[in-house]
Amino acid sequence: MRRVQQLWPTTADPVDLTALYRVGQSPWLRLNFVSSLDGAGTVEGRSEGLSSPEDKRVFGILRMLCDALVVGAGTLREEGYRSLRLDEERRAWRRANGLAEYPTLVVVSGRADLDPAHPALVDAPVRPIIVTRTATEPGSGLAEVADVVRHGDDRVDLAAAVADLHGRGFRQLLSEGGPQLFGSLTAAGLTDELCLTLSPLLAGPGPDRIIAGPPLTIPERLTLRHVLLADGQLMLRYSR
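All of these numbers come straight from a predicted model, not from anything done at the bench. (Residues numbered from 1 in each chain as written. Predicted model: local features only at pLDDT ≥ 70, side-chain atom pairs only at ≥ 80, totals over all residues. Heavy atoms only, no water.)

So, on to the pattern of salt bridges. One pass over the full model with this rule turns up 15 salt bridges. When salt bridges with common partners are traced through the structure, they connect Glu88, Arg91, Arg95 and Glu101 into a single cluster. (Salt bridge = Lys/Arg side-chain N within 4 Å of Asp/Glu carboxyl O.)

On to helix H7 (residues 158-167), then. Looking only at H7, the buried set comprises Leu158, Ala161, Val162, Leu165 and His166. In an axial view of H7, the angular spread of the buried residues amounts to 140°, which keeps them on one side of the axis. Between the side-chain oxygen at the start of H7 and the backbone nitrogen of Ala159 there is a gap of 3.2 Å, and the oxygen is on Asp157. Directly beyond the C-terminal end of H7, a positive phi value near 100° is found at Gly169. (Buried < 20%, exposed > 50% of the residue type's maximum accessible area, 1.4 Å probe, protein only. Helix = DSSP H or I, 4+ residues; strand = E, 2+ residues; numbered from the N terminus. Arc of directions from axis to C-beta. Polar contact = N/O pair within 3.5 Å; in protein donor to acceptor, adjacent residues only side chain to side chain.)

Mapped onto the elements of the fold, His118 is located in the loop between strand E4 (104-108) and helix H5 (119-122). In this structure the side chain of His118 is engaged in a polar contact, spanning 3.0 Å, whose partner is the backbone nitrogen of Ala120. Discounting residues that sit within four places of it in the chain, His118 has contacts with Leu76, Arg77 and Tyr81. (Contact = heavy atoms within 4.5 Å.)

Let us look at the nonpolar core. Formed by 31 residues in total, the largest nonpolar core has its most connected members in Leu17, Tyr21, Leu76, Leu105, Val107, Leu114 and Leu121. Residue assignment for this core shows that the elements contributing at least two residues are helix H1 (17-21), helix H2 (53-65), strand E3 (68-72), helix H3 (73-78), E4, H5, helix H6 (142-145) and strand E9 (223-230). The residues touching Leu17, leaving out its near neighbours within four places in the chain, are Val4, Arg57, Val58, Ile61 and Leu228. Of all hydrophobic cores here, the second largest spans 24 residues; its members include Leu31, Val156, Leu190 and Ile210. (Core = buried A, V, L, I, M, F, W, Y, C linked by side-chain atoms within 4.5 Å.)

Have a look at this one:
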């Protein structure tokens, strides 16, 4: 396993990734993305080409720490999501720290037209949640594999959806995107933290940036919490 070095704040101690990424008990919404140096969020349509073993370690730890994982329907399809399962070591950590054995998958879909046979839904260790609009009728069979909740008329009301999730006991939320969900959560003022891995790669021009959607009325400033270096990748953590 390659060494992860903490650049800032500086320390000579071994890097404890779990401790670095833990947050308090307050409701919290964290975004996790990987990007090329020139801002691409994918290579050949998927983020896999930007990742590394070290980035995946952080990816796995963030999933271990969250109560629920929130993703857009497009990301679920395009990134080839499978059921949200953790290995025994991480499940044991969750049990020891008062968390459910597995986080709950939450899929945001304005049309609720997901395939009920999708592996992330039908093989889920705990029943997933589909967040959609009030007027949307879920696709055939979807209610058999997931709980469908409705917030918003013309579009999903993400503020109401996040408040609903907090009310259900999902205090620590992790979102892995995609870009439209990133943009909508940020425009709604819901983003508490961004974990961003910068891959040492120039991907070239293209439309697939890590954020899309509505413009921000006022740019939001975040505070840098730490900087890690591993195999040429910078892993940055910013929060309110």
